[in-house]
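# Overview (structure and organization)
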Amino acid sequence: MSIPTQVIAQRDFSAGQLDEASLRRDDVEIMRAGLRTARNVRLLNTGSMTRRPGRRVLFSTDGISYRVRPAPRENWWMTLEAGRVIFRSLDLSASQTIEEMPWTADALPDLRFVEYSSTIIIAGPDMRPQLFTFRRSTRVWEHEAFSFAEDVTGAIRQPFYNFFEGSSITLQPSGRSGSITLNFSGDVLDAGHIGVRFRYGDRQFEITGVTSPSEGTADVIEQLPPTITLTLDNYNGIEVGDVIEGLDSGCRGQVVAVGPPLTVFITTNWNGFIVSGDKESVVGPRSRGVAQSQSSASPAATVLWEEALCSDFRGWPRSVNKSVQRIVFCNFEQLSAAIIWSAVGTQNDFLVGSDRDDPIFELVPANTTVFDVVEGSDVFVFTDQGPYFIPVSSTSPLIPGSVEFRQISDDAASPIRAQPTTDGLVYINAGLTRVLALIATGQTSKPYIVEDISEFHAELIRKPLTLASTSVDASAPERYIYALNSDGTLAVARYQRQQGGRGWVGWVPWDGFGTLKWVSAYGGDVVVSAEYQAGEETLTFAEIFEEGLILDGTRSLATVTGSDALELEPGLSLLLEEGLPLLLSQDTAFNWAVGTNIAIAQGYWFRGEYEILEDGTLSGVIPVENAIGLVGGFAFDVEVEPFVPHVEGGTSARQRFRRRKLVQVAAVVQRTQALEVAGRLVPFWSAGENEELEPPRRDETYRARPVGRKFDPRWSVRQKLPGALTIIELTSEVTI
């Protein structure tokens, strides 16, 4: 009696490589589009998959690289290396290096930057932000350390904060102008405060000396507010700390001593209260009296003082971004919940005000650390307590006093910068084990939710170092997310939207001979920092993924070092019609270190693997007349393995209880060269084809008949030799 079989045809691979633990989840939709292995393939919008693109070497560097656009039609590579930044034009015809940067090699992954007009602002740990401005007229980059804007009075337009708020520590200056002495009622000052701005009321002075933690000297930048003694007709209900106000004059101040008379630190209308003629009423939280007289007094000791939020002593922001025409700084070590926005249209005006275009200074609720602020349909804030959003619209713009933090989820974020996709933002969780998506719901009550988009792909997410995402790509319509793992491999995802239901993100692993140190994306360009151990030499490159390449680390195999032209007489060469000399021979040098094992290709034509010998020659002979035009690089394997699902329960046919046999399998491919199907080798050329021509790329169905019976029968498609590959269907006929 023959055993019945079932035919399983899979044409949708959009779910990518699923976790091994999902092997028997035949009941979920994602399994029908998932694979057991999908290594070094690119998922396509059609549901099929193709060999991932190879990478072309841009330049040598041990740093991390980004593509930037400081002006229209001006595209540059920005490379951050230990202690320096290098700008290279996109075609590599121009280069500029700026040295003595305040970061080390270890800090490179923690640097954050934003492009604002023609300026790039870089922030990072233990450093003042750095500005790099592109001058289009000269095509030169200019550098300066970040500094806040300055008023004509000398006041610096920066935010201030009382780091001792709630401690009741007071400050009493000796005078209101010139050089003064300072007395704090508690320990505040440090030698590092010299040169730091403080405010008394809302007026600035700069520390010039520190005598002790509670005493110092300063130069007044803006005349300090006055203190007065005020006599009222009654003092009922008045307490120290009350803010009182004249109903006619608008004079306001804080009561620092009750007396009587009162001692008042004036904050508004330094002319004081109206005490002659029609004397005005002065009101407080629990009091009301009529002003009788007032006189000047020595500067009061008050808690209304602040220190500059940012300084070389307190620290600087470790993250920078832009939002609604403002520069945003956050991730302050000295005040982790703080976010500051610049004035609209400026990059260094941060003095908080109340007008709609003024700078903004806010603290996220709860004890949070703000890692990043990202602009989208609203403004999104990523913290170690989960993401928040700030509602922004034409009727509710981002202006002082309007900022409202609404928590979306308690799924804590990591410091890795979130990346945009077509459907929202993606970020890495605090445990570095999941990729989460922040998605709009269209609901008013709950406008955003957080979903785990790596739920069936946890094995591919291995402590990521960074995220990147593509937005526009002329060569491919797909949009991808790239997560660089700490082991130097990539997890690459493409979103698959389902009509009328939830979609999924298909993830696949990309690896190869080299180790990746960084990945970044601009539009459709994806750039990596790659490291190879080649012979006794370590090679480090910036490389770009490029369609049409079948190798990683691809660069010209050889460079012309000399030539021998046919001469009619000494010094006079025979010229061809194009005006070029007729060359008898050319001397070339291979662009690789001795001991390097490289793969050589000509387009999609794999020409073999060779070693660079000690004398600079190859270990074999390439069957071409000239090495010029060939490329060398490092090959990578492709492996695809489908699941072979069981028949579901029902009328017994002993399904799921006995070993099964793969009767036959088939792989339907397009524009494909050599591969291996279930152990069957398919060569580059068929019998009788001219092997001196590039191997054809075929549309074909390749079948194989595996042997043996297993409870979990397996088969795969592999491509161990570089070549073209597109898989559109995998079919298994298996006993039940």
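On to the overall build of the protein. Within the protein, the regular secondary structure consists of zero helices and 62 strands. In terms of C-alpha radius of gyration, the protein reaches 35 Å, well past the compact-globule figure of 27 Å for 736 residues. Evaluated residue by residue, the protein yields a buried proportion of 51% over its 736 residues. Pairs at least 24 residues apart make up 58% of the contacts formed inside the protein by residues separated by at least 6 positions. Accessible surface computed for the protein: about 33000 Å², of which carbon and sulfur atoms make up 47%. Distance between charge centroids for the protein: 10 Å, based on 65 positive and 93 negative side chains.

Turning our eyes to something else, we now look at the nonpolar core. What tends to happen in soluble globular proteins is that the nonpolar side chains get buried as a cluster. Met49, Tyr482, Leu490, Ile727 and Leu730 are the most contacted members of the largest nonpolar core, which has 56 residues in total. Sorting elements by how many residues they give to this core places strand 45 (residues 525-534) first, with five residues. Setting aside its immediate chain neighbours within four residues, Ile727 contacts Phe13, Ser48, Met49, Val640, Val668, Val669 and Val717.

Moving on: the packing of aromatic side chains. Applying the stated criterion across every chain yields a total of 34 aromatic pairs. Ring geometry for Phe146 versus Trp316: centroids 6.4 Å apart, planes at 80°, classification edge-to-face. With Phe146 in the loop between strand 14 (140-145) and strand 15 (160-161) and Trp316 in the loop between strand 27 (305-308) and strand 28 (319-323), this pair connects stretches of sequence that are 170 residues apart. For the pair formed by Phe146 and Trp316, the shared burial category is buried. The ring centre of Phe636 lies 3.7 Å from the NZ or CZ of Arg52, which sits over that ring. Looking at Arg607, its charged tip hangs above the ring of Trp605, at a distance of 3.7 Å from the centre.

Let us look at the environment of Phe329. Note that Phe329 resides in strand 29 (residues 326-330). Accessibility expressed as a relative area gives 1% for Phe329, which makes it buried. Residues Phe329 and Pro317, spaced twelve residues apart in sequence, show a C-alpha to C-alpha distance of 5.8 Å. Discounting residues that sit within four places of it in the chain, Phe329 has contacts with Ile121, Pro129, Phe146, Pro317, Ser319, Val320, Ala338, Ile339, Ile340 and Phe350.

Below, the discussion takes up the sheet that holds strand 13 (residues 130-135). The strand order across the open sheet built from four strands is 11-12-13-14, with neighbouring strands paired in antiparallel fashion. Edge strands, defined here as strands with exactly one partner in the open sheet, are strand 11 (112-116) and strand 14. Looking at each pair of strands side by side, their axes are set apart by 20° on average, direction ignored. Of the strand pairs in this sheet, strand 13 and strand 14 are connected by six bridges, and their pairing is antiparallel. If you follow Thr133 over to strand 14, its bridge partner there is Glu142.

Looking now at the pattern of salt bridges. Considering all chains together, one arrives at 37 salt bridges under this definition. Among the salt bridges present, the one from Arg56 reaches Glu546, with a minimum N-O distance of 2.7 Å. Of this pair, Arg56 sits in strand 6 (residues 54-60) while Glu546 sits in strand 46 (residues 537-546), placing them 490 residues apart in sequence. Judged by its relative accessible area of 27%, Glu546 falls in the partly exposed class. One salt bridge connects Glu689 with Arg698, and the closest N-O pair in it is separated by 2.6 Å. Taken together, the salt bridges that share partners define one network made up of Glu20, Arg24, Arg36 and Asp712.

Read from one edge of the open sheet, four strands run 32-33-34-35, paired in antiparallel fashion. On the outer flanks of this sheet lie strand 32 (370-375) and strand 35 (406-407), each paired with one strand and no other. When strand 34 (residues 386-390) meets strand 35, the two strands line up antiparallel, connected through two bridges. Within strand 35, the residue paired with Phe389 across the bridge is Arg406.

Its place among the elements puts Arg52 in the loop between strand 5 (49-51) and strand 6. On the basis of relative accessibility, which here comes to 2%, the residue Arg52 falls in the buried class. Separated by 2.7 Å, the side chains of Arg52 and Asp552 make a polar contact.

The next thing to look at is the side chain of Glu222. Examined against the element boundaries, Glu222 turns out to sit in the loop between strand 20 (215-220) and strand 21 (227-232). We classify Glu222 as buried; its relative accessible area is 12%. Reaching out from Glu222, the side chain makes a polar contact with the backbone nitrogen of Gln204 at a distance of 3.0 Å. Apart from residues lying up to four places away in sequence, Glu222 is in contact with Thr153, Ala155, Arg176, Asp202, Arg203 and Gln204.

Of all residues in the protein, 92% have pLDDT values of 70 or greater, and the mean over the chain is 91. Across residues 583-587 the pLDDT falls below 50, and counting only partners more than four positions away or on other chains, this stretch makes 18 contacts in the model.

This brings us to the pairing of strand 37 (residues 424-428). In summary, the side chains of a regular strand alternate between the two faces of the sheet. For strand 37, the tally of buried residues reaches four of five residues, placing the bulk of the element in the interior. Linking strand 36 (residues 419-421) back to strand 37 in an antiparallel pair, the connection comprises two residues. For strand 37 and strand 38 (residues 435-440), the ladder comprises five bridges, and the chain directions are antiparallel. Along strand 38, the bridge assignment pairs Tyr427 with Leu436.

The rules behind each value
Residues numbered from 1 in each chain as written. Predicted model: local features only at pLDDT ≥ 70, side-chain atom pairs only at ≥ 80, totals over all residues. Heavy atoms only, no water. Helix = DSSP H or I, 4+ residues; strand = E, 2+ residues; numbered from the N terminus. Rg over C-alpha atoms; globule rule 2.2 N^0.38 Å. Buried < 20%, exposed > 50% of the residue type's maximum accessible area, 1.4 Å probe, protein only. Contact = heavy atoms within 4.5 Å. Areas by Shrake-Rupley, 256 points an atom, 1.4 Å probe, with all protein chains shown as cover. Lys, Arg positive; Asp, Glu negative; His and termini not counted. Charge placed at Lys NZ, Arg CZ, Asp CG, Glu CD. Core = buried A, V, L, I, M, F, W, Y, C linked by side-chain atoms within 4.5 Å. Phe/Tyr/Trp six-rings, centres within 6.5 Å; stacked < 30°, edge-to-face > 60°. Lys NZ or Arg CZ within 6 Å of the ring centre and 35° of its normal. Pairing = 2+ DSSP bridges. Axes fitted to C-alpha atoms, helices over the stretch in contact; angles between N-to-C directions. Salt bridge = Lys/Arg side-chain N within 4 Å of Asp/Glu carboxyl O. Polar contact = N/O pair within 3.5 Å; in protein donor to acceptor, adjacent residues only side chain to side chain. pLDDT = per-residue confidence, 0-100.

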